[in-house]
Every structure is written in C-alpha cells, then in structure tokens.
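Per-entry structural report
Below are the chains, spelled out letter by letter.
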Amino acid sequence: MITPVEGTAKIRITLSPELVSFLRGARDLLRRHGLLLTALGLVLLQTAWKASVVAEAYFKEDDFEFMARAVESGLSWDYLTRVHYGQFMPGGFLLAWVTGRLAPYDWGLASGAVLALHACAGLAVFRMLRVVFGPRPAVIAPLLVFLVAPVTVPALAWWAAGLNTAPLQIALPMAVASHVLYLRTGRARHAAAAAWWTLFGLAFFLKAYAIPLTLFALTAVYFGGPRAALRRHARVWLLYGGTLLAYLALYLFRSVAADAESGRIPAPDDAIGFVWELLAHTFLPTVLGGPWKWFSGTDWAVTSPPGTLVVLSFVVAAVLFAVTVRYRRHAAAAWALLLAYLVVADIAPPLYGRVYLMGAFAGADSRYVADAVPLLALVAALAVLPIVGEAEPYRRPPPSREVVYGLGGLVVGGFTVASLASTAVFAGHLGNERRHSYLREAGRALAAAPADAVVYDRAAPVDVLPPSYRSYALTSRLLGPLATPGRRVQMYRPPASPVGLVFDDAGRLVPVEVKGEKTVPTTPDGCWPASGAAVEVPLRRPVAAGSPPGSPAGTLVRLGYASRVPVRVTLWIGDRSTALGLREGFGKVFFLAPPGVDRVLVTDVPAGSGFCTGDVTVGEAVPAP
C-alpha cells in the first residue's frame, strides 16, 4: 500500500502482513538452502544450454546399430550382456531398449534421456563437493568446472557415447561421497553404497573399474596414509575388490561366449602420438576453456586447438600447480591422482582397443576424457580447499580473502566465458539433415506402404551409414525400427513376389530392379526346358557359401516369365517353397537365393497355360530406372 507522508514530498510503502511473512520465509529459505538452490540453478542453466547445443545433433554410426538391436531384441540376458567391441554395458543397452520401444529414432527422447543423466551428474558432483568440503560457497567454483567445461559436450551429442559417459559421471562422485561418509562414520551402509555406485558405473562403462582405485588413493592421501588405509579398512577393500572381480568374471565369460573381437597393441609411434594428443591437445585445453577450434566432419568434431592455446594451457597448468603446491598440503598428490586416473581409465583402454585402428588421431576425440571431469572438479577443490576436519591444510598462510576471491573470480570467469565460446563453436559443426531426411522419408514410406508390399534389402547410402557396420548398414536393419513388428520380420527375409519395392537413396519406397549378371536360355523358344509340370532354372552365378559380412540374407534374383493365362505355380528355392499367383502376359518374379543355391525349381505349372520361364538376372537390389 502506498500513502503520502503529510507535510512532506515523501511516500510511505506499507506491505501487507501476508507479503511480509512470505518475504521473511524466502529470506530464511535462502539462508538455510542458498547453496543448494544456487547449485540447482546452475545445473538447470547448463542443462538448458547444452540441450540447445545437442538439439542440433542427430543419430550417427553406432547409434543406428544400438537402436536396431534394441528394437529387434527382447529384453533378454543375451541382449543386455552382449560385449560390443570390448564394451560391456548392460545398463546402456537397457536404456537403448526402452528408448527403442518408446520412440525409435526420436532424437529428442534419446538425447533428452542422456541430458537428464548428465544433469543428475551435476547434482552428484555437488553432493560430492559438499560432503568432502562441507557446505561452503567456495564449492560452487569447482562445480562450475564440471558444468561448463567443453570436454563434456561432444559425448552428449553422440547417443552411444552418452549412454556410456553420463552414468559414469554420476557413479564416480556418488561413490566418492559415500566412501568419504564411511571413512568419517564407520557405517557399513555407506561402504555398501559406494560399492553399489561402482557397480552402477560398471553397468554402463568399463572405465568404472578405476573408481575403487580412486577411493583408495583418496583414503591414503587424506585419511591416514597407505598402510593405515589398508589396515583399518581391509574389509572395505575386499568389498570393492569383490565387486570388481565379479564384474570381471562376467565380462570375460561373455567375451569368450560371444567370441568378441579383442583389441591390439598399437605401434609405438601411434601409442606415443595418441597419449600426447589426448593429454596436450585435448584434455588440457578443453578443461581450461578450449579448444576454441575444432576439426569437424558431418555432425561431429574433434579438438584442434591452435598452437598458442596449447602453449598457454601448459603455462596456466604449470602456474596453477606451482601456486597450489606452494600453499596447499597434498596439492601435488591431488594433481597426481588426476593424472593417474587419466592413465588408468582414459589412456589404457583405448590404447589397447582403438588406437591400432585410428592411430594417434584418436587422441583428438574428447569423448575419451569426458568421464574424468567429475574427478577434475574434486581435484581442483582439493588443491585449494581443506576437507572437513583436516588439520593444518596449508603449508603457509594463504593470501587474504580479497586476493583469493579476486583472482579466483577472474580465473573462473575467464574459464566460463572461454568454455561457452568453445561450446558455441562446436555447436556450429553439428547437424546432419541428410540422415534426418532419409529416416523421415523412410518412416513415411513404411507407414504408407500396403500391408502386402514386399520390401527387398540393399545397402544404405554410405553418407547415412558406412558399410563398415556390415549387416546394420542394410536398409532392413537400419530402417527396421521404423516398421511394424510384422513388416520388420518380412524386411529381414522378404518372400518371393512378382512385385517388389526397395528404398532409394532418398528413403522412398520405389519399384525394385536387379543389377547383376543376366542369363538368357539358348533354346529355340527362349524358355528354360520343362519336364512335365516342372521347370528347372539354373542360376549361372551361384551365391558363394560364405557371403561377405553385411550382405543381405541372400542374393536377389529376377526371373522373367510369359504366360497366356493367369497361373498359380510353386517356386522351390532350396528346400523352401512359395506359392505364387502370376498374371497373364509378360512378367517377372523377384526372390532371394540363399548362399549355396545354384538353381531353382518352378512346379505345378498348369498344362496348356503356355507358361515360359525366360531371362534370369542374379545380383543386388537397386531402384528401378
């Protein structure tokens, strides 16, 4: 209420008792929970910002295989525990299965689920910092390191990578928080929670095996030394070790059972180049606000920092190391912990698994170090802040609060601005309208196709999915998630039919034709000889018994015919028969010849029908001209 003050030019503002009570409650809430509300606000802001970036991306490469496997598989033990090129990720396959059942190839749902996990990771990092350092405002700075560092974004823009990385970004900080609570209280439930979070991380990413090693290192440095850590907490290490051994046993069992492809030690030059690239050109610049510049393709980008930034990153890292070691006890051990994690979790696995394929260039991919950012936030805080209950945390009195806050604000502010700029540049490289339009057109075509339409298989366009994905680069597997279950089964093994369809390079369903070797009978009437009511048609180019990986379930054959009247015949392909109704006049029949089949048999030919089987073309399905 506003009223004038008599005799003056002033006014009096009177608030209602209800509003006064509300404002007091809000003030008390901010006093009690201001730190939590600040963290929640920052997590929401960074999630919205990253969502605007990730929205520009789309499915790519492994994403298509993950989606196809999810839709064509039941929620079985074999599906969940399949080893995928060395990766054991039942949790990731579970999320893929749910996504495929709800809305296949819906980028909003798929990327939104990963972003939600990443947001939970932000809250997990905040919990870890609050448990380790107490409820002090200074923990917001290392939280910002996790929230805005550009190194986390590329993994979110690739669905398959996000299914690995985002859950591990939750598991590590939650395990650290639970383990520290165990060390302070001695309660077994906290140790059990740490083991559970380790198992949770292992369910999504093999790298989680480094979590118990991280917990031991933290205990040894900040809670009494290595000997005391081993002696006092032997049961806990047995619990964590047992968790790892159980996981390892299952991983090895499934690897052997599936005959999974193993890795290989790369050449020394490639190994050294990978390590240098990963640490000097990828991790260091991106955790300090870089890389500013990205080397990009279609809907992907890897770090390509300018030389000036690489040198500047080393200078900044050296200054931070020197300053923190000068003032903070155990700062050197904290930085060593981060380096050890990078070696054990982020260098060793790809060094054995991927570098022999990609060479040193693999080190430019920031996905390999995105999981280390929660630990970076912890180490950055350990290098500056004392943990709760730590005696004599500093070697010498630190600078005044004004100096610390001033320099800290300058560093954090500069880091934030540089990080947002690098992320914005990365966003400019995302997007693939080609893949998007292909899947969109294919979905529409499948929805509009008649129920009895027969769709034959062919390789997807290489700019949608390269042939290195073998059978998953075929239209039946790639586009199967967009079809109904019945249609999907038929696309995998299409029957013989006088009318066939195939996907063209735009994703439309068009009439099929066969590109390959054509054979014409040499008989005077141009027909393959009949024996009673049966005609044997040779396939002059037999399908090899060992078809190359990624070929359809057989070679497509086009058989021409002529008939004076409509007929019903039986087509025998190997030991399988198909009844066909054929129209009068000239026509054709399409069918798949499985590997090893070098002839087919047409039986039940009606006498007097004038039925004649003519030219045969054996090859691959292509759109009819």
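Residues numbered from 1 in each chain as written. Predicted model: local features only at pLDDT ≥ 70, side-chain atom pairs only at ≥ 80, totals over all residues. Heavy atoms only, no water.

Here the structure, examined in full by the defined rule, presents one disulfide. Each sulfur in the disulfide pair Cys527 and Cys612 lies 1.7 Å from the other. In this structure, the disulfide formed by Cys527 and Cys612 twists by about -110 degrees around the S-S bond and is classed as left-handed. Residue Cys527 is located in the loop between β8 (509-519) and β9 (530-531), and its partner Cys612 is located in strand β16 (residues 612-623); the two are separated by 85 residues in the primary sequence. You'll find Cys527 and Cys612 in the same group, each marked buried. (Disulfide = S-S within 2.5 Å. Helix = DSSP H or I, 4+ residues; strand = E, 2+ residues; numbered from the N terminus. Buried < 20%, exposed > 50% of the residue type's maximum accessible area, 1.4 Å probe, protein only.)

A separate point is the pattern of salt bridges. Tallied over the full model, the rule gives 20 salt bridges. For the salt bridge of Asp505 with Arg458, the shortest nitrogen-to-oxygen distance reads 3.2 Å. Taken together, the residues span a long stretch of sequence, with Asp505 in the loop between β7 (501-503) and β8 and Arg458 in the loop between α19 (433-448) and α20 (475-478) at a distance of 47 residues. Asp505 sits in the partly exposed class, given a relative accessible area of 42%. Residue classification places Arg458 among the buried residues on the basis of a relative accessible area of 15%. (Salt bridge = Lys/Arg side-chain N within 4 Å of Asp/Glu carboxyl O.)

Consider a sheet: its strands pair through backbone hydrogen bonds, and that pairing is either parallel or antiparallel. Strand order in this open sheet of five strands is β7-β8-β16-β11-β14, and the pairing throughout is antiparallel. The sheet is open, and its two edges are formed by β7 and β14 (585-593), each paired on a single side. The sheet shows a mean angle of 50 degrees between the axes of neighbouring strands, taken without regard to direction. Relative to β7, α19 is tilted by about 160 degrees, and along the sheet it contacts β7 and β8. (Pairing = 2+ DSSP bridges. Axes fitted to C-alpha atoms, helices over the stretch in contact; angles between N-to-C directions. Contact = heavy atoms within 4.5 Å.)

A word on empty space enclosed by the protein. A complete count under the given rule lists two cavities of 30 Å³ or more for this structure. Within this model, the largest cavity holds a volume of roughly 70 Å³. Every residue lining the largest cavity is listed: Val132, Val176, Val180, Leu218, Tyr222, Phe223, Leu378, Leu382 and Ile387. Put simply, the parts of the chain that give the lining of the largest cavity at least two residues each are α8 (159-185), α10 (210-222) and α17 (373-382). (1 Å grid on protein atoms, 1.4 Å probe; cavity = no way out; pocket = protein on both sides within 12 Å on 5 of 7 lines; lining within 4 Å. Points joined across faces, edges and corners; volume = space filled by probe spheres on them.)

Put simply, the protein has an average pLDDT of 90, and 92% of its residues get 70 or more. Note that pLDDT drops below 50 for residues 542-549; the model gives that stretch 14 contacts with residues more than four away or on any other chain. (pLDDT = per-residue confidence, 0-100.)

A separate point is the side chain of Ser255. Along the polypeptide, Ser255 turns up in helix α12 (residues 234-258). A polar contact is formed between the side chain of Ser255 and the backbone oxygen of Tyr251, at a distance of 2.8 Å. (Polar contact = N/O pair within 3.5 Å; in protein donor to acceptor, adjacent residues only side chain to side chain.)

Turning next to the environment of Leu95. Positionally, Leu95 belongs in helix α4 (residues 90-102). On the basis of relative accessibility, which here comes to 29%, the residue Leu95 falls in the partly exposed class. Once the C-alpha coordinates of Leu95 and Leu163 are considered, the two residues, 68 residues apart in sequence, prove to be 7.7 Å apart. In this structure, Leu95 is in contact with Leu117, Leu163 and Phe204, ignoring residues within four places of it in sequence.

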